[in-house]
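# A structural walkthrough
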Amino acid sequence: MPPGLPRHAFTPSNFLALGPEQSGLETSKVVVLPVPYDAATSFRSGARDGPRAIIEASRHLEDFDTELQREPCDAGIHTLHELEPTAAGPGAMAGLVTQAMAPLVQQRKLVALLGGDHSLTPGAVTAYRAAFPDLSVLYLDAHADLRDTYQGSRFSHACAARRVLEQCPTTIVGVRSIAQEEWRFINEQRLPVFQWPAAASAGLAEHVLTTLTPHVYVSLDLDVLDPSLMPAVGTPEPGGMSWEQVLTLLRVVSSQRTIVGFDIMELAPALGPPSCAYIAAKLAYKLMGYALFPS
Ligand SMILES: [Mn+2]
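Residues numbered from 1 in each chain as written. Predicted model: local features only at pLDDT ≥ 70, side-chain atom pairs only at ≥ 80, totals over all residues. Heavy atoms only, no water.

### Focus on the pattern of salt bridges
Applying the stated rule across the entire model yields nine salt bridges. Notably, a salt bridge pairs E67 with R251, separated by 2.4 Å at the nearest N-O pair. Of the two residues, E67 is situated in the loop between α1 (50-58) and β2 (77-79) and R251 in helix α7 (residues 243-256); the sequence distance between them amounts to 184 residues. Where salt bridges share partners, they join D65, E67, R251 and K286 into one cluster. (Salt bridge = Lys/Arg side-chain N within 4 Å of Asp/Glu carboxyl O. Helix = DSSP H or I, 4+ residues; strand = E, 2+ residues; numbered from the N terminus.)

This is the structure:
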């Protein structure tokens, strides 16, 4: 920073607007990877603007987490530059995500992928699966994303959970929109898919836990939340999970399993009020806190 001005005259543009002592790559346990890519969406696009909006909104969060009674940013949060999209298609883009994340995962960083559309998640899981052979994925989404192909592509965001399932056990929670072919596939394979609101009960978290291995990657499509809270998504579905239901599930999972990485996907900020980017940022910071300091 230029000499002659006090440090508080400059707001860092990283996640949580952290100063250099809390955001160096070497010393940070958490690494934020923004990926402004939405070429694989099917309805309304705009998720390419999600990462920037989340990081911008995160500067308005308090560092202190009242539930955990500590500042998770004490572990250090480094924000990478945005990963540049490729025009070679979502399969190639997911490959770039794997490449970008692999060295970070090898260093046991907690990588927080900010999307971007859900087609990026299989690439993140590839990086984590290489480092944690017993990995499982907790996949929160209004949609099952289990089609084998969609609109001519195996790498559409509507196929993301199918591509994840090919790599490791996958548990899907919050589903309330499903194609008949997905319905048949779920029943044939006896997949752990918790449909909403039918699965909403006090025992949900314990039931979900029985499906998860010791190391868990959390993939969260923001459309799992009810659209009254989170309208800024490309494919909103009524009847979704509440803020408290999502946090309770994640907190219980973090207390019984190790959350090694996560993503927050599909925020399309132009499709809703500014509160949506703030909610997405807060969710990312809550997940960092749960993963770093399990209660
Ligand atoms: Mn979805």
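### Details of the coordination of the manganese ion
With distances of 2.1 to 2.4 Å, the protein atoms coordinating the manganese ion are D141 (OD), H143 (ND1), D221 (OD) and D223 (OD). In the primary sequence, the donor residues of the manganese ion line up as D-x1-H-x77-D-x1-D. Owing to a relative accessible area of 2%, D221 belongs among the buried residues under this scheme. Given the relative accessible area of 1%, D223 is considered buried. (Donors = N, O, S within 2.8 Å, 3.2 Å for Na, K, Ca; no water. Buried < 20%, exposed > 50% of the residue type's maximum accessible area, 1.4 Å probe, protein only.)

### Some details on α1
Of all nine residues in α1, seven are buried; the element is thus mostly enclosed. Listed in full, the buried residues belonging to α1 are G50, P51, A53, I54, I55, A57 and S58. Buried residues in α1 make contact with β1 (30-35), β2, β3 (110-115), β8 (258-265) and α8 (275-292). (Contact = heavy atoms within 4.5 Å.)

### Here we look at the packing of α7 against α8
Where α7 contacts α8, the axes come no closer than 10 Å and their chain directions differ by 20°. By the angle between their axes, α7 is roughly parallel relative to α8. Both α7 and α8 take part in a crossing whose hand is right-handed. Counted together, W243, V246, L247, L250, R251 and S254 of α7 and I279, K282, L283, K286, L287 and Y290 of α8 form the full contact between these two elements. The class makeup of the residues in the contact of α7 with α8 is eight nonpolar, one polar and three charged. (Axes fitted to C-alpha atoms, helices over the stretch in contact; angles between N-to-C directions. Parallel < 35°, antiparallel > 145°, perpendicular 65-115°, else oblique. Left-handed = near helix turned anticlockwise from the far one by under 90°. Nonpolar A, V, L, I, M, F, W, Y, C, P; charged D, E, K, R; others polar.)

These results come straight from atomic positions and should not be treated as a statement about function.
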